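Chain by chain, the residues run as shown.
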Amino acid sequence: MSRLARRVSALTPSLTLAIAARTKALKAEGINIHGLSAGEPDFDTPAVITAAAHAALARGETKYGPVSGQPLLRRLIADKLAKENGLPFTPEQILVTNGGKQSLYNAIMALIEPGDEVLIPAPYWLSYPEMVALAGGTSVFLPTDEASDFKISAAQLEAAITPRTRLLILNSPSNPTGMIYNRSELQALAEVVVRRDLLVISDEIYEKLVYDRAEHVSIGSFGPEIFQRTIISGGFSKAYAMTGWRLGYLAGPSDIVEAASNIQGHSTSNVAVFAQAGAIAALQEPSIPETVEAMVRVFAERRLRMFSALSAIDGIQCCCSQGAFYLFPNISASGLDSTTFCEQLLDQFHVAAVAGVAFGSDSHIRLSYATDNETIDQGIAGIKRFMATRLTYASLR
Ligand SMILES: Cc1ncc(COP(=O)(O)O)c(C=O)c1O
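Brief notes about the overall build of the protein
- Tallying secondary structure elements over the protein gives 14 helices and 12 strands in all.
- A compact globule built from 397 residues would reach a C-alpha radius of gyration of about 21 Å, and the protein, at 21 Å, matches this within 12%.
- Across its three principal axes, the protein shows a C-alpha extent of roughly 65 × 55 × 55 Å.
- Across the 397 residues in the protein, those meeting the buried criterion constitute 52%.
- When the accessible area of the protein is evaluated, it comes to approximately 17300 Å², of which 53% is carbon and sulfur surface.
- For the protein, the distance from the average position of its 33 positive side-chain charges to the average position of its 39 negative side-chain charges is 4 Å.

Focus: the sheet that holds strand E7 (residues 230-235)
- The seven strands lie next to each other as E2-E8-E7-E6-E5-E3-E4, forming an open sheet whose pairing is mixed. What marks the edges here is a single partner per strand, and that holds for strand E2 (94-97) and strand E4 (138-143). Taking each pair of neighbouring strands and ignoring which way they run, the sheet shows an average axis angle of 20 degrees.
- Pairing between E2 and strand E8 (residues 248-251): four bridges, direction antiparallel. Its bridge partner lying in E8, Thr97 is registered against Gly248.
- Lying on the sheet, helix H5 (residues 99-111) is in contact with E2, strand E5 (165-171), strand E6 (199-203), E7 and E8; it crosses E7 at an angle near 155 degrees.

Points about helix H4 (residues 71-85)
- Counted at 1.5 Å a residue, the expected span for H4 with its 15 residues is 21 Å, and the 20 Å between its end C-alpha atoms agrees.
- Within H4, the full set of buried residues consists of Leu73, Arg74, Leu76, Ile77, Ala78, Lys80, Leu81 and Asn85.
- In this structure, the buried residues of H4 make contact with E2, E7, E8 and helix H11 (273-284).
- A positive phi of about 70 degrees marks Gly86, the residue just after H4.

A few points about the site of the ligand
- Of all residues adjacent to the ligand, which total 14 residues, the nearest are Asn175, Asp203, Ser237, Lys238 and Arg246.
- Between an oxygen atom of the ligand and a side-chain N or O atom of Arg246, the distance comes to 2.7 Å.
- For the shell around the ligand, the element with the most residues is H5, which contributes four residues.
- For the shell around the ligand, the residue count by class is five nonpolar, five polar and four charged.

Re the packing of H5 against helix H10 (residues 254-265)
- At their nearest, the axes of H5 and H10 sit 8 Å apart, and the two run at 110 degrees to each other. With respect to each other, H5 and H10 are oriented roughly perpendicular. Each of Gln102, Asn106, Ala107, Met109, Ala110 and Leu111 in H5 lies in contact with H10, whose residues at this interface are Ile256, Ala259, Ala260, Ile263 and Gln264.
- In terms of residue class, the contact of H5 with H10 is built from eight nonpolar, three polar and no charged.

What about the domain arrangement of the protein?
- The domain boundaries assigned to the protein delineate domain 1 (6-44 + 289-387) and domain 2 (48-284).
- Using C-alpha coordinates to define each centre, domain 1 is positioned 25 Å away from domain 2.
- With 34 residues of domain 1 in contact, the opposing surface of domain 2 contributes 30 residues.
- The interface formed by domain 1 and domain 2 holds one salt bridge in total.
- One can count 15 residue pairs in polar contact (both at pLDDT 80 or more) joining domain 1 with domain 2.
- Of all elements in the fold, only helix H12 (288-311) and strand E9 (326-327) reach the threshold of two or more residues within the side of domain 1 that touches domain 2.

A short note on the pairing of E6
- Judged by how many residues are buried, E6 sits mostly within the fold: five of five residues are covered.
- Alternating positions in E6 separate into two faces, Leu199, Ile201 and Asp203 on one and Val200 and Ser202 on the other, with burial throughout.
- Relative to E6, E5 runs parallel, the two being bridged by five bridges. Looking at E6, one finds that Leu170 is bridged to Ser202.
- Between the parallel elements E5 and E6, the chain passes through helix H8 (residues 183-195) in a crossover that is right-handed.
- Relative to E7, E6 runs parallel, the two being bridged by four bridges. By the bridge assignment for E7, Val200 is matched with Thr230.

Definitions and limits used
- Residues numbered from 1 in each chain as written.
- Predicted model: local features only at pLDDT ≥ 70, side-chain atom pairs only at ≥ 80, totals over all residues.
- Heavy atoms only, no water.
- Helix = DSSP H or I, 4+ residues; strand = E, 2+ residues; numbered from the N terminus.
- Rg over C-alpha atoms; globule rule 2.2 N^0.38 Å.
- Buried < 20%, exposed > 50% of the residue type's maximum accessible area, 1.4 Å probe, protein only.
- Areas by Shrake-Rupley, 256 points an atom, 1.4 Å probe, with all protein chains shown as cover.
- Lys, Arg positive; Asp, Glu negative; His and termini not counted.
- Charge placed at Lys NZ, Arg CZ, Asp CG, Glu CD.
- Pairing = 2+ DSSP bridges.
- Axes fitted to C-alpha atoms, helices over the stretch in contact; angles between N-to-C directions.
- Contact = heavy atoms within 4.5 Å.
- Expected span 1.5 Å × (residues − 1).
- Near = heavy atom within 4 Å.
- Polar contact = N/O pair within 3.5 Å; in protein donor to acceptor, adjacent residues only side chain to side chain.
- Nonpolar A, V, L, I, M, F, W, Y, C, P; charged D, E, K, R; others polar.
- Parallel < 35°, antiparallel > 145°, perpendicular 65-115°, else oblique.
- Domains from an automatic or database assignment.
- Salt bridge = Lys/Arg side-chain N within 4 Å of Asp/Glu carboxyl O.
- Right-handed = clockwise from strand over helix to strand, strands pointing away.

In structure tokens form, the structure reads like this:
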């Protein structure tokens, strides 16, 4: 009999770790790896943010703080959500968390019981189903593909609802597909959520990373009925290049945020107080919006660079998604599953990518353009050579 709790056996071991270990081993042999697997910006945290954290440390801000976060930070987050997103939360409805990840975990733990069903559009960010499993819930996946631009429709949502459905988890812009729901698509989904009395967790961590003329809209912004059913997960990791700071937030109906705060109070307590000083600077410093825009401009150029090189490869099909920093090409013409594709790509052409199966699609790989142009060029050139060998092999069979 295992000495581990049953809930642990419900977890899937991280597929991304295996490829990361292989990448490390090849690097240790002195091989230059073209890394297209990063899940974080390659920029440094803006200097005014790090300076604010240094100053907080110098002031001795090293003690426990309130579990839900520093009052000023909660107020600034509430102001931001009201002003930028049309979401009228009060500061009491904000919980500062250790990254966006902890806000999702706390919310799911606060809401989901064994037997509850959670609707998750697929491909999905890989931690959602694991968190649902830890809570004892059941993930119900809503499949999407290139034909639907990797987005679910209102009819698809409606058809998946059962008496056990509690929650929809929406992620726009999406990791891994980079897709963004537009206003009318969100409005149609919101209408179903309200009519069928569901809750929605809207993961908006990539909200600032949108390109072309795309616009980020929050599903909670279409009026009081959907607002009362919306829980926002957001954070500082991606927009402000602060992944290592572990700073995120949850915003939602008071009872849910209070329950999530109680969970946090008995698990991790407050986010490091001096790190919160950095988040305060991110929201207050006048230079930050321009710094973020400059990073977004660089991501926008890299996205087009990667997309045009990728689209020129025989056998690759790819949507030109407009958000986050990922492309999600279809590699099924290679005749390989996504794990074997990524393993062979790494071993033979020294390109690191993430197998789509980790996100719920075995026909795709996830490529990140949160890296420099040379790595993008070399990486896509490697994929091109690999695809050519695969297509030749397929034609000979
Ligand atoms: C879709 C999505 N949500 C949430 C997170 C969690 O972000 P954080 O690093 O702030 O915990 C990530 C990080 O990769 C993500 O891709």
